[in-house]
Amino acid sequence: MRIEEIGRKISDGADISVARVSIGGEDPALVSGTEYRGCELLCPGGVLRLPKTGEEQLLIKTEDGSVLAAGVCGVEIPEGLSEGDILIKNGQASLCLRSDGSIEIYGKVLINGSELNGTET
């Protein structure tokens, strides 16, 4: 679905609430009083993140009956993250694209299946 269509659905009237993910993955279910299965995912451009069972996300119910899952709620912003930085984090691994052009990678790094052993500078 194109962003214009999503915007139109939301602006035409929508019920937005915080819901708990009861089934994670590519075909998620969210619970906010009622369980909504097969929610459509809303993710920023260039990023795809599948919801994780147990976390909270925004649940958007539109007038036409669409149910959308939009982002994680209650995420703590790490110290040192600056305006314009992009942080991708999953468990212990993270990748931070800094607005100054630097890239920070934490975790095991594989390039074409071979592990890259980093050193501290």
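Criteria and cut-off values
- Residues numbered from 1 in each chain as written.
- Predicted model: local features only at pLDDT ≥ 70, side-chain atom pairs only at ≥ 80, totals over all residues.
- Heavy atoms only, no water.
- Pairing = 2+ DSSP bridges.
- Helix = DSSP H or I, 4+ residues; strand = E, 2+ residues; numbered from the N terminus.
- Salt bridge = Lys/Arg side-chain N within 4 Å of Asp/Glu carboxyl O.
- Buried < 20%, exposed > 50% of the residue type's maximum accessible area, 1.4 Å probe, protein only.
- 1 Å grid on protein atoms, 1.4 Å probe; cavity = no way out; pocket = protein on both sides within 12 Å on 5 of 7 lines; lining within 4 Å.
- Points joined across faces, edges and corners; volume = space filled by probe spheres on them.
- Nonpolar A, V, L, I, M, F, W, Y, C, P; charged D, E, K, R; others polar.
- Axes fitted to C-alpha atoms, helices over the stretch in contact; angles between N-to-C directions.
- Core = buried A, V, L, I, M, F, W, Y, C linked by side-chain atoms within 4.5 Å.
- Contact = heavy atoms within 4.5 Å.

Notes on the pairing of strand β6 (residues 67–72)
Okay, so step 1: Sheet analysis places strand β4 (residues 40–42) next to β6, joined by three bridges and oriented parallel. Directly across from Leu-41, in β6, lies its bridge partner Ala-69.
Okay, so step 2: Judged from the five bridges that link them, strand β5 (residues 56–62) and β6 form a sheet pairing that is antiparallel. Following the sheet pairing, Leu-59 is matched in β6 by Ala-69.
Okay, so step 3: Linkage of β5 to β6, two consecutive antiparallel strands, is achieved through a turn of four residues, within which Gly-65 is found at a positive phi near 95°.

Let's talk about the pattern of salt bridges
Think of it this way: side chains of opposite charge can pair up when their charged atoms draw near.
Okay, so step 1: Scanning the model with the defined rule gives six salt bridges in all.
Okay, so step 2: Lys-61 is the salt-bridge partner of Asp-15, the closest N and O atoms lying 3.1 Å from each other. Separated by 46 residues along the polypeptide, Asp-15 in strand β1 (residues 14–23) and Lys-61 in strand β5 bring together distant segments of the chain.
Okay, so step 3: Residue Asp-15 is classed as partly exposed on the basis of its relative accessible area, which comes to 40%.
Okay, so step 4: One salt bridge in this structure joins Glu-104 and Arg-98, with 3.0 Å as the shortest N-O distance.
Okay, so step 5: Through salt bridges that share partners, Asp-85, Arg-98 and Glu-104 make up one connected network.

Notes on the layout of surface pockets
Okay, so step 1: Computed from the structure, the second largest pocket encloses a volume of approximately 170 Å³.
Okay, so step 2: Considering the residues around the second largest pocket, the lining is formed by 10 residues, among which Ile-105, Gly-107, Val-109, Leu-116 and Gly-118 are closest to the centre.
Okay, so step 3: Top element by residues in the lining of the second largest pocket is strand β9 (residues 103–106). It accounts for four residues.
Okay, so step 4: Of the residues belonging to the lining of the second largest pocket, the class tally is five nonpolar, four polar and one charged.

Looking at the sheet that holds β5
Each strand in a sheet pairs with its neighbour through backbone hydrogen bonds, running either in the same direction (parallel) or in the opposite one (antiparallel).
Okay, so step 1: Ordered by their spatial adjacency, six strands build an open sheet running β3-β2-β1-β5-β6-β4, and the pairing between neighbours is mixed. Across the chains shown, the open sheet's two edge strands, defined by having one partner strand only, are β3 (34–37) and β4. Across this sheet, the average inter-strand angle for adjacent strands is 40°, counted without regard to direction.

Points about unusual backbone geometry
Okay, so step 1: Here Asn-112, not a glycine, exhibits a phi torsion of approximately 50°, which is positive.
Okay, so step 2: Overall, Asn-112 belongs to the exposed group, its relative accessible area being 81%.

Structural notes on the environment of Ser-82
Okay, so step 1: Within the element layout of this structure, Ser-82 appears in the loop between β6 and β7 (86–90).
Okay, so step 2: Expressed as a C-alpha distance, the spacing of Ser-82 and Asp-100, which sit 18 residues apart in the sequence, is 9.7 Å.

So, the nonpolar core
Okay, so step 1: One finds Ala-19, Val-21, Leu-30, Tyr-36, Cys-39, Leu-59, Val-67 and Ala-69 forming the largest nonpolar core, which totals eight residues.
Okay, so step 2: When contributions to this core are tallied by element, the ones reaching two or more residues are β1 and β6.
Okay, so step 3: Excluding anything up to four places from it in sequence, Cys-39 contacts Pro-28, Leu-30, Leu-59, Val-67 and Ala-69.

Take it as geometry only, folks, not as evidence of what the structure does.
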